[in-house]
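As a plain string of letters, each chain reads:
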Amino acid sequence: MKPLLRFFTRFLRHKRQLLAGFACIPLAQLADIGITVVIGTALDRLQKGEPADFLPGLFGIILGLSLCKGLFRYLQRWWIVAVSRYVEIELKQELFDKLVSLPLSFHVKSRSGDVVSRVTSDVENIRMFLGPGVMYTLGAVVMVPASIALLFTHNATLALTMLLPLGLMALGMKFFTPRLHTWSEAVQESIADLSARAQENFSGIRVVKGYGREQEQARRFEAASARNRANQVELGRARGLTHALTHAANDSTFVVILVIGGWAMIDRDLPAGQLFQFIDLTFKVFWPLIALGWIAGMYPRALASARRIEELLNERNPVQDPLEPRPAQPVRGEWELSSLSYTYPGAARPAFQGVSVRVRAGGSLGIVGPTGAGKTTLLLCLCRMLEAQGEARLDGVAIPRWKLRELRAALGYVPQDSFLFSDTWRANVEFGADAPLGEERIRELAHLCAMDGELAGFPDGIETRIGERGVTLSGGPRPRTAIARALARDPRALVLDDARSAVETETEARLLATIQGQSAHRTVILAAHRLSSVQRADQILVLGRDGRVEAQGTHAELLAQPGWYRETWQRQQAQSELARL
């Protein structure tokens, strides 16, 4: 119950609106009871043969009570449910802020569909429990005791007949609540699994279609959907039994009232008005209890959702701003790594280890090695998306002493997958800048990244929308757009993670010339599989399969010694010659 109580505390922060809404609940409920009492009293007076001249005034009283009931019910819903919407918005924003602040390691291990499910359906479950759930519960707290008390004042014997069905309903709720909790949690997990599978398939639709796996993926989704259906059916069965029990208790009460009350009316021991009040007040007792049964079914889902959301909010980010950050000063771009290593949680060996190198401001460093040597991980550690062991310094200051915002503002990072947003080409480039860019600057960046030809063919030029993840762009323009985005902030250090692997040789040469032409005021660190990308670098690191530095030097120095670099260079040159033929 503790996770749900914490969210209830958030709900109670909006005191003014909640107090107004809570005050409307008893007024609406008592007005509802008042209508029953007025009508019952009128029936008794008419049964006694009193003149009907009181009826016009009675109609006015009923109309007034009805208007009060409607107004207060509207206001209670307006204030209480509106507060639950405020909590929903606040909670979604807090979850989003938390997610974007969490380290890359969290997002690597988490499924996107599961995360989206927590931000959407789990938050909605909590909102429903806090808003409508609280409103109906408080309504029942007022209506049920007031109605039962009124029934006992009329006929205690007849009122006692309601206690047995109420007791049976309470025992049934106690029995079914654990089942509701179990299947509610299973439903939430299976919904998250469905969302994750759908998101993965839609994001990777090119791979799915390229391998002709549409039917296989459809079968897997169908299996996940079947599991969700089975969980939903079990939850529906438990909720159905709960509702059946509640309605059965309600109906059995009417049987008793009609039998006992009917005989009493025949014997003239019970006036017609009082029998009407018994029947109507019984409705007023059981409908709130039926609503409580709905809330009881909602509670396990809300509790399961609260646990899932709290689990996300309790995630800790090991990468934090320093308590004593470096003094603000211009960035030069000088890097120094000393015995730098990183091991992924649960991994048998480090992704890379023992990396030591110094890169002068305005210099360039190439990082190469076989697949899995740790090149990408090393670059992520330089951006402090991962917390490395050892020491990495920028401008002589240890990376952990930099504010994260300042560090990443000094870097132009281009990831290997060249992710692009579903927006215009211009908006994707401007994403890297701290302020909107003029068209002249956008055109300049397009020229620097060899995008002139492609932009000329776009239907709307730089304002052309590109699909999610850049699916409407081919393999070449995507990484070049990502490089333009990195250059848009004019960074002191450009960090490229094999961003030109999909670029044709001629365009790559132009890109390299552009980057090297600007290297006088910008440090360039690039990881690559294609060795031609790094041959002009001031120095090159060769990482082995175990993540250790296998060799280090210039292109000429590495070619002069046997090893992986020389063998790979010769093989790639041979492949390039064959491609020209």
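Report follows, based on the coordinates.

The rules behind these values
Residues numbered from 1 in each chain as written. Predicted model: local features only at pLDDT ≥ 70, side-chain atom pairs only at ≥ 80, totals over all residues. Heavy atoms only, no water. Salt bridge = Lys/Arg side-chain N within 4 Å of Asp/Glu carboxyl O. Pairing = 2+ DSSP bridges. Helix = DSSP H or I, 4+ residues; strand = E, 2+ residues; numbered from the N terminus. Axes fitted to C-alpha atoms, helices over the stretch in contact; angles between N-to-C directions. 1 Å grid on protein atoms, 1.4 Å probe; cavity = no way out; pocket = protein on both sides within 12 Å on 5 of 7 lines; lining within 4 Å. Points joined across faces, edges and corners; volume = space filled by probe spheres on them. Nonpolar A, V, L, I, M, F, W, Y, C, P; charged D, E, K, R; others polar. Buried < 20%, exposed > 50% of the residue type's maximum accessible area, 1.4 Å probe, protein only. Arc of directions from axis to C-beta. Parallel < 35°, antiparallel > 145°, perpendicular 65-115°, else oblique. Left-handed = near helix turned anticlockwise from the far one by under 90°. Contact = heavy atoms within 4.5 Å. Core = buried A, V, L, I, M, F, W, Y, C linked by side-chain atoms within 4.5 Å.

Looking at the pattern of salt bridges
Argument step 1. Under the criterion given, the structure shown has 25 salt bridges.
Argument step 2. Several salt bridges share partner residues, and in doing so they unite D32, K69, R73 and K284 into one network.

Details of the sheet that holds strand β9 (residues 539-543)
Argument step 1. One open sheet holds the six strands; their spatial order is β6-β7-β8-β3-β9-β10, and the pairing between them is mixed. Every interior strand has two partners, whereas the edge strands, β6 (411-414) and β10 (549-553), have only one. Each strand axis lies, on average, 10° off the axis of its neighbour in the sheet, ignoring direction.
Argument step 2. Relative to β10, β9 is paired through four bridges, and the arrangement is antiparallel. Bridge assignment links L543 to a residue of β10, and that residue is V549.

Some points on empty space enclosed by the protein
Argument step 1. Summed over the entire model, instances satisfying the criterion amount to one cavity of 30 Å³ or more.
Argument step 2. A volume near 50 Å³ is recorded for the largest cavity.
Argument step 3. Every residue along the wall of the largest cavity is listed here: W335, E336, L337, V357, V359, L365, I367, L378, L382 and I525.
Argument step 4. Contributing elements (two or more residues each) for the lining of the largest cavity: β1 (335-342), β2 (352-359), β3 (364-368) and α11 (375-382).
Argument step 5. Among the elements that take part in the lining of the largest cavity, β1 stands out by supplying three residues, more than any other.
Argument step 6. Of the residues assigned to the lining of the largest cavity, the class counts are nine nonpolar, no polar and one charged.

Some details on helix α14 (residues 439-448)
One full turn of an α-helix is made of 3.6 residues, so residues set three or four places apart face in the same direction.
Argument step 1. Looking only at α14, the buried set comprises I442, L445, A446 and L448. Considered in projection along α14, the buried side chains sweep an arc of 160° and stay on one side of the axis.
Argument step 2. Trailing α14 by a residue or two, A450 shows a phi angle of about 60°, which is positive.

A word on the packing of helix α5 (residues 112-154) against helix α10 (residues 272-313)
Argument step 1. Between α5 and α10, whose axes approach to 6 Å, the crossing angle comes to 155°. One element, α5, and the other, α10, form an angle in the roughly antiparallel class. α5 and α10 meet at a crossing whose hand is left-handed.
Argument step 2. Taken together, the residues that form the contact of α5 with α10 break down as 27 nonpolar, nine polar and seven charged.

Looking at the pairing of β3
Argument step 1. In terms of burial, β3 is largely enclosed, as five of its five residues are buried.
Argument step 2. Pairing of β3 with strand β8 (residues 523-527), which is carried by four bridges, proceeds in the parallel orientation. Across the sheet, residue G366 finds its bridge partner in β8, namely L526.
Argument step 3. Pairing between β3 and β9: four bridges, direction parallel. Residue G366 lies in a different strand from β9, and its bridge partner there is I540.

Thoughts on unusual backbone geometry
If a residue is not glycine, its phi is most likely negative; likewise, a peptide bond is most likely trans.
Argument step 1. Unusually for a residue other than glycine, S339 sits at a positive phi of about 50°.
Argument step 2. On the secondary structure map, S339 appears in strand β1.
Argument step 3. Here the phi dihedral of D395 falls at roughly 55°; this positive angle occurs in a residue that is not glycine.
Argument step 4. Residue placement: D395 occurs in the loop between β4 (389-394) and β5 (397-398).

Description of the side chain of R127
Argument step 1. Among the structural elements, R127 can be located in helix α5.
Argument step 2. Take R127: its relative accessible area is 6%, and that puts it in the buried class.
Argument step 3. Beyond its immediate sequence surroundings of up to four residues, R127 is in contact with V81, S84, R85, E88 and P132.

Remarks on the nonpolar core
Argument step 1. Counting 36 residues, the largest nonpolar core has V368, W425, L445 and Y565 as the members making the most contacts within it.
Argument step 2. Those elements giving two or more residues to this core turn out to be α13 (425-430), α14, α16 (477-487), β7 (493-497), β8, β9 and α19 (564-580).
Argument step 3. Sorting elements by how many residues they give to this core places α16 first, with five residues.
Argument step 4. In terms of nonpolar packing, the next biggest core, distinct from the first, is built from 33 residues, L337, V355, I399 and L411 among them.

Structural notes on the environment of E336
Argument step 1. Within the element layout of this structure, E336 appears in strand β1.
Argument step 2. As for E336 and G396, which are separated by 60 residues in sequence, their C-alpha atoms are 7.4 Å apart.
Argument step 3. Those residues within four positions of E336 in sequence are excluded, and the remaining contacts are V357, R358, E391, A392 and R393.

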